[in-house]
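# Chains, contacts and geometry: an overview
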Amino acid sequence: MSRYCTLHLEGDALPFDLDRTLSCGQVFRWEKKGHWWCGVLGQKPVLIRQEGDLLHFSGAPEEDISRYFDLDLDLEEILAGFPDDPILLQAIDSAYGLRIVRQPAWECTASYIVATFANIPGIQTRLKLLCERFGERIGDGHTAFPSPEKLAASPLCDIRSCRVGYRDKYLCGTAAILSADHGWEERIAALPYRDARRELLRLPGVGKKVADCILLFAFHRFEAVPVDVWIDRIMRTHYLEEDTRYSYDRIADAARQIFGPNAGYAQEYLFAAREMIPDMRKK
DNA sequence: CAGGTC
DNA sequence: ACTGG
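Here the structure is a predicted model, which means the values were calculated and not measured.

## Observations concerning helix α9 (residues 168-179)
- For α9, with twelve residues, the first-to-last C-alpha span of 16 Å sits near the 16 Å given by 1.5 Å per residue.
- Of all the residues in α9, the buried ones are Asp168, Leu171, Cys172, Thr174, Ala175 and Leu178. Each buried residue of α9 sits inside an arc of 165 degrees when the element is viewed along its axis, so together they form one side.

Structure (structure tokens):
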């Protein structure tokens, strides 16, 4: 491991909370060992820890760290731009400093395909198995995320052996399409939100929720609002009508209407605080 | 029962 | 439908 560097957090880089950012369930491959978070950035193992407004790290240049954690984003302004409602304010307070990281697009896509209808520990196990089975060794016992080419060329039974169940064919199918489609990231990035989502929806295993996760977490389209069971419940309980069923887009549109153009960020804070937000059953 | 999709 | 915390 290379030498350690320290980044002094100031200006737009504040607020920033590394623990909340890496443990909120947006990324699945970081592991905390003692004070240090261990993960992979690009193709390199990285160690990182926060001490107040100091960010200590090794294994990657400062520019990569700053870009990954989106430290040039004026998060304070985004949070200040949200409406003044008690539920969201409580969520912001409890997860203050959480930043949406810039996930590599393929890793994000593959992760959320295998994440459907599963819980977070299960997702972590699956991704670890996939990385060990198909990822390139990059030293220190770390592996890079498996390339789409590698997964596209692997038998379904090998993929399924990583406990992904029926999602094996989605993962393999999407890997095949994307590995043959050089430039897909640039194309998605250049499209307006609706068109970008329509494009992603053509991938097997990618529905509206997964597509919105990809757009929010990899492409930083903050108008993308992934609506999972938790967000559905929170929106119906506190912002819509509890006993009514709403379509996916109806809830996402309501979120954009209520929270504005950065509704995706509001979604992430509500998700992070999901356990603390009152459930309708408890009322 | 868990951050849905076909 | 898989799968396991």
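## Section: the domain arrangement of chain A
- Its domain assignment divides chain A into domain 1 (5-72), domain 2 (75-95 + 221-283) and domain 3 (105-217).
- Domain 2 and domain 3 are separated by 26 Å when their C-alpha centres are compared.
- Every contact between the two is made by 16 residues of domain 2 and, on the other side, 17 residues of domain 3.
- Buried area between domain 2 and domain 3, summed over both chains or domains, comes out near 1200 Å², and the portion from carbon and sulfur atoms is 57%.
- Linking domain 2 to domain 3 there are four salt bridges.
- For the salt bridge of Asp249 with Arg194, the shortest nitrogen-to-oxygen distance reads 3.8 Å.
- If you look at where domain 2 meets domain 3, you find eight residue pairs in polar contact (both at pLDDT 80 or more).
- Sorting the residues of the side of domain 2 that touches domain 3 by element identifies α14 (248-259) and α15 (263-272) as the ones contributing at least two each.

## Some points on the sheet that holds strand β1 (residues 5-8)
- The strand order across the open sheet formed by five strands is β1-β5-β4-β3-β2, and the pairing between neighbours is antiparallel. Two strands in the sheet have a free side with no partner beyond their single neighbour: β1 and β2 (31-33). On average, each strand axis in the sheet is tilted by 30 degrees relative to the strand beside it, whichever way the strands run.

## Some words on the environment of Arg133
- Tracing the backbone through its elements, the reader meets Arg133 in helix α6 (residues 120-134).
- A residue is classified by how much of its surface remains accessible, and Arg133, at 42% relative accessible area, is partly exposed.
- On a C-alpha basis, the gap between Arg133 and Tyr239 in space is 44 Å, while along the polypeptide they are 106 residues apart.
- Not counting the four nearest positions on each side in its chain, Arg133 is found in contact with Asp158, Ser161 and Cys162.
- A distance of 3.2 Å separates a polar atom in the side chain of Arg133 from a polar atom in the side chain of Asp158.

## Some words on the packing of aromatic side chains
- For the coordinates displayed, the defined rule picks out twelve aromatic pairs.
- Each ring, one from Trp184 and one from Phe219, has its centre 6.3 Å from the other, and the planes form 70 degrees; the classification is edge-to-face. One end of the pair, Trp184, is in helix α10 (residues 184-190); the other, Phe219, is in the loop between α12 (208-217) and α13 (229-238), and 35 residues separate them in sequence.
- Here Trp184 falls in the buried class, since its relative accessible area comes to 7%.
- Joined through ring pairs, the aromatic side chains of Phe16, Trp30, Tyr68 and Phe69 make up one cluster.
- Seen from the ring of Tyr170, Lys169 lies directly overhead, with NZ or CZ sitting 5.1 Å from the centre.

## Observations regarding the pattern of salt bridges
- Taken as a whole and assessed by the stated rule, the structure comprises 18 salt bridges.
- The partner of Asp249 in a salt bridge is Arg197, and the shortest N-O contact between them spans 2.8 Å. Here the residue Asp249 occupies a position in helix α14, and Arg197 occupies one in helix α11 (residues 193-200), the gap between them amounting to 52 residues. Each member of the pair Asp249 and Arg197 is classed as buried.
- Through salt bridges with shared partners, a single network forms among Arg194, Arg197, Lys208, Asp212, Asp249, Asp253 and Arg256.

What counts, and at which threshold
Residues numbered from 1 in each chain as written. Chains lettered and ligands numbered in written order. Predicted model: local features only at pLDDT ≥ 70, side-chain atom pairs only at ≥ 80, totals over all residues. Heavy atoms only, no water. Helix = DSSP H or I, 4+ residues; strand = E, 2+ residues; numbered from the N terminus. Expected span 1.5 Å × (residues − 1). Buried < 20%, exposed > 50% of the residue type's maximum accessible area, 1.4 Å probe, protein only. Arc of directions from axis to C-beta. Domains from an automatic or database assignment. Contact = heavy atoms within 4.5 Å. Buried area = accessible area lost by both parts, 1.4 Å probe. Salt bridge = Lys/Arg side-chain N within 4 Å of Asp/Glu carboxyl O. Polar contact = N/O pair within 3.5 Å; in protein donor to acceptor, adjacent residues only side chain to side chain. Pairing = 2+ DSSP bridges. Axes fitted to C-alpha atoms, helices over the stretch in contact; angles between N-to-C directions. Phe/Tyr/Trp six-rings, centres within 6.5 Å; stacked < 30°, edge-to-face > 60°. Lys NZ or Arg CZ within 6 Å of the ring centre and 35° of its normal.

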